[in-house]
Amino acid sequence: MKFGFFLREAMRALRRTAMPSFAAMATVLVTMLVLGVFIPIVQATTGAANEVRGRLLLDVYLKTDATGADAQRVQGEIQRTPGVKRVQYVSKARAYAAERKRNPEAYQLLGVNPLPDTFRVTPTNAGQINHLRDVLAPTVAGGGRRPIDPAIETVRNRRDETNKILSATRVVKLITAMLAILLITASILLISNTIRLSLFARRREVEVMKLVGATDWFIRWPFVIEGVIVGALGGVLAILLLTVGKIALIDPLQADFSLLTAPETINFGLLVVVLILASIGVSALGSGISLRRFLRV
């Protein structure tokens, strides 16, 4: 019975304050629309950045006189090292064939194969690649490095490439995190302020109800329900626009842009649920926060 009363009061309030309610709904609509676009973009860019980070490798070069037994021993030592995800052996013949195919004229002039046997080591965590290099080739007094096995000539981490990739991925994550925080904060403030306009227009009604003995939650529930209705309407409209955009723009372009089909991107059905819950939750929270000041009579 009380819920029916609260619902009727909320609908009556929506009719009486049509313009502020419309402004609140428009704010929710824009916010959810931006979030609906922003969330997949953040996930796709983060996934792409992580994919690039996954390409970071350590090159472990063996000495030119290393034997097959030496190579097997070194491979076992590397595989037992903590933080190693995968070890790939590249023989000198295979490396020579690949480099000669890439630059045939230069390698034809050499006549002999100058390349050593190599292990390409993929770290479990790309951010620990420099630490892994220190484990496989610790520094010694004087600033040099001594590999963990005498058959290893040197360990290189492609420093320039590694630093560029790590810096780029850090920047991407930092920017996306800052944008997400800014967007969420702005959304909460805009929704709260817009709903506060609706509450301000009915401040006398709230004060009278408080004076005659109504409890805080008895007064608050119609406004909370009003916020939920406004938020739900804004969220539904945003989802409808996103659905149209997905069908008209995203789906036809998926075959040409792999970023749009990244496996890290949130499923559209789950995105719909997230946006509905977010729109209702933020609006209800904004209603409750905005109403607190009017309960102090």
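Scope of this entry: the structure provided in the associated data block. (Residues numbered from 1 in each chain as written. Predicted model: local features only at pLDDT ≥ 70, side-chain atom pairs only at ≥ 80, totals over all residues. Heavy atoms only, no water.)

With that settled, consider a nonpolar patch on the surface. Side chains of Val171, Ile175, Leu179 and Leu182 sit close together on the surface and give an oily, nonpolar patch of about 360 Å² of accessible area. By the element assignment, Leu182 lies in helix α7 (residues 159-200). Judged by relative accessible area, which is 58%, Leu182 ranks as exposed. (Patch = residues over 30% accessible without salt bridge, like charges linked within 9 Å, V, L, I, M, F, W, Y side chains within 5 Å. Areas by Shrake-Rupley, 256 points an atom, 1.4 Å probe, with all protein chains shown as cover. Salt bridge = Lys/Arg side-chain N within 4 Å of Asp/Glu carboxyl O. Helix = DSSP H or I, 4+ residues; strand = E, 2+ residues; numbered from the N terminus. Buried < 20%, exposed > 50% of the residue type's maximum accessible area, 1.4 Å probe, protein only.)

It is worth spelling out helix α6 (residues 129-136) at this point. The set of residues buried in α6 consists of Ile129, Leu132, Arg133 and Leu136. Around the axis of α6, the buried residues are gathered within 105 degrees of arc, so they sit on the same side. (Arc of directions from axis to C-beta.)

We now examine the packing of aromatic side chains. The geometry of an aromatic ring pair comes down to the distance between the two centres and the angle between the two planes. One pass over the structure, following the stated rule, counts one aromatic pair. Geometrically, the ring pair formed by Tyr89 and Phe119 is tilted, given 5.2 Å between the ring centres and 45 degrees between the ring planes. You can see Tyr89 sitting in strand β2 (residues 84-90) and its partner Phe119 sitting in strand β3 (residues 118-123), a full 30 residues away along the chain. Note on Tyr89: relative accessible area 32%, which makes it partly exposed. According to the relative accessible area criterion, Phe119 is buried, its value standing at 0%. (Phe/Tyr/Trp six-rings, centres within 6.5 Å; stacked < 30°, edge-to-face > 60°.)

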